[in-house]
Amino acid sequence: MKFKNLRINSFSPLWWFYILLQLASIIVIKLTVVKVKLFLTLFALFTILFLLVYKYILVTTSNGQYIFANELPLYLCNLNIIYGLIGVIYENQILMGFCYSIGLVGAILALVMPEEDFTNIPFFSSRAFGFYGYHSLLVIFDISLVTTNFFKPQYNIVLKIMLLAVITLLAVHLINIIFSKTIHPLANYSFTMYPINSILEKMYQIIPIRCVYLFPLIPVFALCYLLLTFLVT
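We now turn to the structure provided with this report. (Residues numbered from 1 in each chain as written. Predicted model: local features only at pLDDT ≥ 70, side-chain atom pairs only at ≥ 80, totals over all residues. Heavy atoms only, no water.)

## A few points about the overall build of the protein
Condition: Strands here are runs of E lasting at least two residues and helices are runs of H or I lasting at least four, both read from the DSSP assignment and numbered beginning at the N terminus. For the radius of gyration, the atoms used are the C-alpha atoms, and the globule rule reads 2.2 Å times the number of residues raised to 0.38. In this scheme, a residue with accessible area under 20% of its type's maximum is buried, one over 50% is exposed, and one in between is partly exposed, where area comes from a 1.4 Å probe on protein chains only.
Within the protein, the secondary structure is distributed over eight helices and two strands. The secondary structure elements of the protein, listed N-terminal to C-terminal, are β-α-α-α-α-β-α-α-α-α. For the protein, whose C-alpha radius of gyration is 18 Å, the value lies close to the compact-globule estimate of 17 Å for 233 residues. Along the first, second and third principal axes, the C-alpha atoms of the protein reach 50 × 45 × 30 Å. Residues counted as buried form 48% of the 233 residues belonging to the protein.

Next comes the structure, spelled out in C-alpha cells:
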C-alpha cells in the first residue's frame, strides 16, 4: 500500500498508533522527569504552540472551509491546555482538576468520536497530524498531571470544578452570540449554539435551549472525576 493511501479512522491500526504513543509517553514521563513543574509548564507551552500552528495551517490551506473567526482557542479542548498551563504555574487545584476530568474525557471522546471532517482522512495530512496529534498531547498532559504526583485529585473540589465548567460554557456562549451577530454568523465554540453529533442532537431534542442543553453533561463529568479520583487514591 502506498503511503499516500494510508488513512486514519477511530480504532483503525493507525489510530492505535496514537494511543500506544500516548501510553508510552505517559510511562516515560513518569519514570524520567525530575523537575515536574518545569516539564509540565514547557509541555503545556509546546502544546499551545502546536495548536496555534495547526490552526494556522488549517485555516490557510482549507480554501475557506475554516476561518480564523471560528478557529480561536475557545473550544473546551483548547481551553483545557490553557487552563492547564495556568493551573501548573500557580498550582491551582481547580484548574488542574478541570483538565483531569472535563479536559481528559473531552480529549478521549474527540479521539473516539471525531467530527466528520477528521474521519477517514489521509494519515500523513496536516489535518490528521494536527487533530490526532493535538488531542494525544492533551491526553498525555492531563494524565501526567496525576502520574507525576504534581496534581493529587481530591473529592472536595468536584463542585468547584463543575462550577468552573458552567461559567466557562456561559462565557463561551456569550462570545458565540456576539460573534454570530458580528463577524461570524455560524460561530459555535464548544458547541453551545447547536449540536454537531448524534449524541448532542438527542440532548438538544430533549432540552431545545442553546447552551443549556449541554448542562446535563456536567454531572456526567462530575461522576467521571469522582471515578478517576477513586482509581488513583
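## With respect to the packing of aromatic side chains
In plain terms, the rule: The aromatic pairing rule takes the rings of Phe, Tyr and Trp, using the six-membered ring of Trp, and pairs them if the centres are within 6.5 Å, calling planes under 30 degrees apart stacked, those over 60 edge-to-face and the rest tilted.
Using the criterion set out here, one finds 22 aromatic pairs in the structure. Taking 5.8 Å as the distance between ring centres and 40 degrees as the angle between the ring planes, the aromatic pair formed by Phe39 and Phe43 counts as tilted. You can see Phe39 and its partner Phe43 sitting in helix α2 (residues 36-60), four residues apart, about one turn around the helix. On the basis of relative accessibility, which here comes to 26%, the residue Phe39 falls in the partly exposed class. An aromatic cluster is present here, built from Phe17, Tyr18, Phe118, Phe123, Phe124, Phe131 and Tyr132 joined pairwise through their rings.

This is a description of form; function is not addressed.
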